[in-house]
Each structure stands twice: as structure tokens, then as C-alpha cells.
Amino acid sequence: MIQPLAYIHPQAKIADNVVIEPFVTIHKDVEIGEGTWIGSNSVIMDGARIGKNCRIFPGAVVSAPPQDLKYKGEQSTVSIGDNTTIRECVTLNRGTALDKNTTTIGSNCLLMAYVHVAHDCVIGDNVIIANAVQLAGHINVYDYAFIGGSSAVHQFVEIGAHSMISGGSLVRKDVPPFTKAGREPLSYVGINSVGLRRRGFSAATINEIQEIYRILFLKKYNVSKALDIIEAEFTPSVERDEIINFLQNSQRGIMKGFGNT
């Protein structure tokens, strides 16, 4: 299943049933899981760890050295989980020794054409990143998040699970889980109720999430005061605790509330 016009380093580790199309280049320190398809003119560089049943489309560059002046050529990796699709001309940079030493893309993800994921990012499972999104270094994107096309995300930003960011956004602050974000500057525009229903969240849970964010974003409290009220008024639950932990651990601060300037 390997075309003769592809170049594969003899020490690369290629599993069974991998399809490698013409004009692919695969470097030495590469591992590719079974059932994966590598499209023509893709370049898989040292440090790539690609899971099973992935699809990597033409022109993608996986595991290029990071665009970071602090990088001194140390060994590092890009890890891609199973069943993930990397579309045309996506660029994935490997990690640096000063942080995680790896860039991680989870399983069942879709990275659309021209996405860039910089060094030391961590992308969870079932994440969709639309066309031409640019992720700077050290960003965490949690499970089931969606980032709209042509958005740019500042380094060290955290994007919470099940969140949805409007296309063309400039993401300078953290986006809490279960929310929708839009406008300029990026602001809370509601919870991702449609996505939550599709993933089996009950109506009661969705209502609870909505009430929590009403306190945080609509009541004009600062974050510390809102956290005190949320902890006092809502019984512990997986969703409540996830929101609280996200807010307490935010390093860049969270996006603005509705109507705030």
C-alpha cells in the first residue's frame, strides 16, 4: 500500500494497512498506526506519532520544528490520536523542552484546511477546528470544543470543553466550558445548548449550566464574587465543578460577559 514514488526512511515505523500516496516524505523518527492514509505531498517529519485510522490530506506538514527562537534542536514530538483527520496544508509543530516537549492532538478530531497548531499545544478528543484557524504556542483546547474558521488564538489560552467560538474571532482570554463566544472583543453569547443536547446532556443539566453562567456573566459580579455565589447556591455536580475548576485555574482571565466593555 506504499507507492514507489514516496520517500520513506528505512527506520520509520509503519504499521499494517497504511496507505502512503505518491510524493509523500516520511522522516526517520516517525511512527504511524495501522489503517492510516497519508495523502500525496504530505511531509511527516521526525517526532511524529500518528495513531490508527487517521487521514492526512495533501500538503500537510506534521511535526515540523517549532517556530520558537528558544528551540535549540532538542528531540520532541507531535502525537495524534486515532481516527483524526488532518486536512490540506495543516501545519503541526512539535513541542519544546521548556514546556511539554510534545504537541498533542486527540482522537476523533477534525482539523480543517490551513489550520496551524504551534508548539506545546494540547488538543483534546472530538475537537473540530475549522479552516485557517491559527493556534499560538502552549494552548489547551478541551474535548468537544469547536473553533470557527479564521480565528486566531493567543498563546497560553485555555478553551473549555463543549465550547463554541465564532468564526473570525480574536481569542485573547480563556473561554469557559459549555459556552458560546463571539463579538469583538470576544464575549459570552450564551451556552452551547444545541451541542450539549446532541451529546446527551439532560435538560436539567443544561438549565443548571445556564443559571451558573447567568450569575457569572449577566449579574455584573467579579469572578471571585460569582464563584462564592455559585459554590453556595449550587449542589456539587460534574458540570458545576468543571466550571469552578476552570475559573479558579485561569491564568489569562476569562472572556468578557454579555454587554460588558
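The rules behind these values
- Residues numbered from 1 in each chain as written.
- Predicted model: local features only at pLDDT ≥ 70, side-chain atom pairs only at ≥ 80, totals over all residues.
- Heavy atoms only, no water.
- Axes fitted to C-alpha atoms, helices over the stretch in contact; angles between N-to-C directions.
- Helix = DSSP H or I, 4+ residues; strand = E, 2+ residues; numbered from the N terminus.
- Parallel < 35°, antiparallel > 145°, perpendicular 65-115°, else oblique.
- Left-handed = near helix turned anticlockwise from the far one by under 90°.
- Contact = heavy atoms within 4.5 Å.
- Pairing = 2+ DSSP bridges.
- Buried < 20%, exposed > 50% of the residue type's maximum accessible area, 1.4 Å probe, protein only.
- Salt bridge = Lys/Arg side-chain N within 4 Å of Asp/Glu carboxyl O.

### A word on the packing of helix α2 (residues 203–218) against helix α4 (residues 238–249)
1) Next: Interaxial distance between α2 and α4 falls to 10 Å at its minimum, and their mutual angle equals 30°. Classified by the interaxial angle, the pair formed by α2 and α4 is roughly parallel. Of the two possible hands of crossing, α2 and α4 adopt the one that is right-handed. Contacts between α2 and α4 pair T205, E208, I209, I212, Y213 and L216 from the former with E239, R240, I243 and L247 from the latter.

### What to know about the sheet that holds strand β3 (residues 19–20)
1) Next: Sheet architecture is open: 10 strands sit in the order β3-β6-β9-β12-β15-β18-β21-β24-β26-β27, paired in mixed fashion. The outermost strands of the open sheet, each flanked by one partner alone, are β3 and β27 (187–191).
2) Next: In this sheet, strand β18 (residues 128–129) lies alongside strand β15 (residues 110–111) in parallel orientation, the contact comprising two bridges. Bridging across to β18, L111 finds its partner in I129.
3) Next: Against the sheet, α2 contacts β26 (179–182) and β27, and its axis sits at roughly 160° relative to β27.

### Considering unusual backbone geometry
1) Next: A cis amide bond, omega 0°, links E184 with the succeeding residue P185.
2) Next: With respect to the element layout, P185 can be found in the loop between β26 and β27.
3) Next: Phi is positive for H138, close to 65°, though the residue is something other than glycine.
4) Next: With respect to the helices, strands and loops of the structure, H138 is situated in the loop between β19 (134–135) and β20 (140–141).
5) Next: With a relative accessible area of 13%, H138 lands in the buried category.
6) Next: Residues other than glycine seldom take positive phi values, yet K220 does so here, at roughly 70°.
7) Next: The topology assignment puts K220 in the loop between α2 and α3 (223–233).

### Let's talk about the pattern of salt bridges
1) Next: Within this structure, the stated rule accounts for eight salt bridges.
2) Next: Residue R49 pairs with E31 through a salt bridge whose shortest N-O separation is 3.7 Å. Residue R49 is located in strand β8 (residues 48–50), and its partner E31 is located in strand β5 (residues 30–32); the two are separated by 18 residues in the primary sequence.
3) Next: Note on E31: relative accessible area 33%, which makes it partly exposed.
4) Next: Across the pair D241 and R240 runs a salt bridge whose closest N-O atoms are separated by 2.9 Å.
5) Next: Take D241: its relative accessible area is 28%, and that puts it in the partly exposed class.
6) Next: Judged by its relative accessible area of 9%, R240 is buried.
7) Next: Three or more residues joined by partner-sharing salt bridges are found here, namely D29, E31 and R49.

Note that all results are geometric; they support no functional claim without further evidence.
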